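A closer look at the structure
Below, each chain spelled out in residue letters.
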Amino acid sequence: MKYVLIGFLAFLFIQTGYSQSRSTQTYEYGLVVSAEVYASEVGNKILRQGGNAVDAAVAVQFALAVTLPRAGNLGGGGFMVIQLENGTSTSLDFRETAPSRASRNMYVRNGEFKPELSWEGILAVGVPGTVDGMVTALERYGRMPLELVLQPAIDLAKNGYYLSYSQAGSLNNYKDTFSKYEGSKKYYTKENGELFKEGDLFVQKDLAEVLEQISKYGRDGFYSGSVADAIVTEMKKKNGLITYSDLKNYRSKWRAPVKAKFQDYELTIMPPPSSGSIAVAQILDMMDDYSLAELGHNSAAYVHLMAEAMRRAFADRSYYLGDPDFYDVPKQDLLNPNYNNARMIGFSMDTVTSSSSLSHGEFSNNYESDETTHFSVVDKDGNAVAVTTTLNGSFGSKVAVDGAGFLLNNEMDDFSAQPGEPNAYGLIGGEANAIEPGKRMLSSMTPTIVTKDGKVRMVLGAAGGPRIITATLQSFLNMAVFGMNAQEAIAANRIHHQWLPDILFYENYGLSPDTIRLLEEKGHQLRTMSIARGHIIYVDQDGNKSSGVDPRGDGHAAGY
Ligand code: DON
């Protein structure tokens, strides 16, 4: 079977003129970089059929719902940033919302907070936003009909695709958990208790039918009719909260992106309820008085400065950020350079500011699950789309809708389910991000498009919880300051600091022993961790494109 897979991929590459796209090329029809080979090839095919970047992005999102079930999704949500060749930009928020019956203390039992309830099982599920998001984006900016961009995903679900080594492994890792839920057991485990193997043909008939409903009826094919029936039945069976009217009322929202300036670059980033935009803009502001190139990439001085800026931005994140429709996020204050300069008062190049001595500014546990996914698209006209989409944890709540073949998210854990208590990513939130019916949970997903002189130069983003913010920042700085190419920029070792816990994370072998010693002398506590996975595109001043495929994952670039 392995040889069938290799043969199929070789066929695809010959068909599409695939080349190892780390090199810079014209890519006449555009370039797609995503976490998964079939999905990138679907995007490439749509571009070659005359689709623009939005058509391709929507097709990739639906394909990932089939070929990357641990993160690509119909039952989750995400963010899309769009930069058009004519200079206009916008962003679409298709983040999940809390069900109308959700309440602040929904995870408290007998006076005790039960964090496991917001992580696995039916109560962890927010109202899914992905399908509305894709239909909405396509309607406004796409060129192709929904049926056409959905067809590749339908074919992959109906006819199946060959599991990669890591996909088979990730399904097998959750075998026992999936077995607790009828739908998940049916779709994601083998009948006789055997394990999945690399090269197994993975067919998803029920999912194909759901995609066909969406193809025929648009958003109604998901938020009403037989798919809504299946979701609500699943809820009723397991005492979940989502109702027919929650589904009917879900709407994605167009939002004005956050703009940040750094040197000659303008960054267009997803605004709240993404926290990434504000945090990246703040960190850049806090760092830009220093000559970063002179400090040197990943030198002790550079890492220290960046970690201290991250610490301050994450302290603000935890206090000030939440859904702007429910909480008055002080966006302008947080983006004010004077405020960010003031945040660095007390910063010393020689010693740390301990997180316990630092909280949010005044205006004048921790692990990484592997599943969110980011993809980047640039089309032949220079339009660009950055999408980050997620179920939150790997395979979300682990609950698949029986009869409908897709997984539901566990995004409710991104609320401060108990203000002051850390969530699964060790993030502590406050009132701004407390649970309220209909509210969107704060996110770290940071899809970003960078322009120079009005032209798209970088399409960035990552998966990896709060590390998304710091990884996106470093990918940008690696290219903008250190002159790395896209592949070098995404592969380079990263660091991460998120205020609490007060630990400077770095990647194994990512810092030299003498750099570590210098950082420890300044007072940092260091720990190793793999930091996020991004899929990025760089466009040079002549319009040639190159891809950065994260070596920490199994991503793939497809262009022609
Ligand atoms: O929106 C967020 O910030 C999280 N739900 C993202 C989760 C994530 O990136 C998981 N891993 N790759």
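1. Remarks on the packing of helix α15 (residues 300-320) against helix α20 (residues 513-521)
- Taken N-terminus to C-terminus, the directions of α15 and α20 make an angle of 45 degrees; their axes are 9 Å apart at the nearest point. If you check the angle between α15 and α20, you find them oblique. In terms of crossing hand, the pair formed by α15 and α20 is right-handed. Contacts between α15 and α20 involve Ala300, Val303 and His304 from the first element and Thr515, Leu518 and Leu519 from the second.
- For the contact of α15 with α20, the per-class residue count stands at four nonpolar, two polar and no charged.

2. A short note on the pairing of strand β14 (residues 455-460)
- Most of β14 sits out of view: five of its six residues are buried.
- Pairing of strand β13 (residues 448-452) with β14, which is carried by five bridges, proceeds in the antiparallel orientation. If you follow isoleucine 449 over to β14, its bridge partner there is valine 459.
- Between β13 and β14, which pair antiparallel in sequence order, lie two residues; one of them, aspartate 453, sits at a positive phi of approximately 50 degrees.

3. Some thoughts on the site of the ligand
- Among the 17 residues in the neighbourhood of the ligand, the closest are listed as Thr372, Asp414, Ser443, Ser444 and Gly465.
- Here an oxygen atom of the ligand sits 2.6 Å away from a polar atom, N or O, in the side chain of serine 443.
- Against a free-state accessible area of 340 Å², the protein chains account for coverage of 99% of the ligand.

4. Things to note about the sheet that holds strand β12 (residues 384-390)
- Ordered in space as β8-β3-β2-β12-β11-β1-β21, the seven strands form an open sheet in which the pairing is antiparallel. Only two strands of the sheet have a single neighbouring strand rather than two, namely β8 (253-255) and β21 (556-559). Ignoring which end each strand starts from, the neighbouring axes of this sheet average 15 degrees apart.
- The sheet contact formed by strand β11 (residues 372-379) and β12 spans seven bridges and is antiparallel. Across the sheet, threonine 372 pairs through a bridge with threonine 390, a residue of β12.
- Along the sheet, helix α4 (residues 130-141) makes contact with β2 (77-83), β3 (89-94), β8 and β12, crossing β3 at roughly 155 degrees.

5. Observations regarding the pattern of salt bridges
- Evaluated as defined, the whole model comprises 33 salt bridges.
- Put simply, arginine 343 and aspartate 316 hold a salt bridge, and the shortest N to O gap is 3.0 Å. Within this pair, whereas arginine 343 is found in helix α17 (residues 337-343), its partner aspartate 316 is found in helix α15, the two being separated by 27 residues in sequence.

6. Things to note about the sheet that holds strand β17 (residues 504-506)
- Taking strand neighbours across the sheet as the criterion, the three strands line up as β16-β17-β18 in an open arrangement whose pairing is mixed. Either end of the sheet is taken by a strand with one partner, and the two such strands are β16 (495-496) and β18 (526-528).
- Bridging between β17 and β18 involves three bridges; their strand directions are parallel. Bridge pairing links tyrosine 506 to threonine 528 in β18.

7. A look at the pairing of β11
- Of all eight residues in β11, eight are buried; the element is thus mostly enclosed.
- With burial as the criterion, each face of β11 is covered, one bearing Thr372, His374, Ser376 and Val378 and the other bearing Thr373, Phe375, Val377 and Asp379.
- Pairing of strand β1 (residues 30-34) with β11, which is carried by four bridges, proceeds in the antiparallel orientation. Its bridge partner lying in β11, valine 33 is registered against serine 376.

Reading guide: rules and limits
Residues numbered from 1 in each chain as written. Predicted model: local features only at pLDDT ≥ 70, side-chain atom pairs only at ≥ 80, totals over all residues. Heavy atoms only, no water. Axes fitted to C-alpha atoms, helices over the stretch in contact; angles between N-to-C directions. Helix = DSSP H or I, 4+ residues; strand = E, 2+ residues; numbered from the N terminus. Parallel < 35°, antiparallel > 145°, perpendicular 65-115°, else oblique. Left-handed = near helix turned anticlockwise from the far one by under 90°. Contact = heavy atoms within 4.5 Å. Nonpolar A, V, L, I, M, F, W, Y, C, P; charged D, E, K, R; others polar. Buried < 20%, exposed > 50% of the residue type's maximum accessible area, 1.4 Å probe, protein only. Pairing = 2+ DSSP bridges. Near = heavy atom within 4 Å. Polar contact = N/O pair within 3.5 Å; in protein donor to acceptor, adjacent residues only side chain to side chain. Areas by Shrake-Rupley, 256 points an atom, 1.4 Å probe, with all protein chains shown as cover. Salt bridge = Lys/Arg side-chain N within 4 Å of Asp/Glu carboxyl O.

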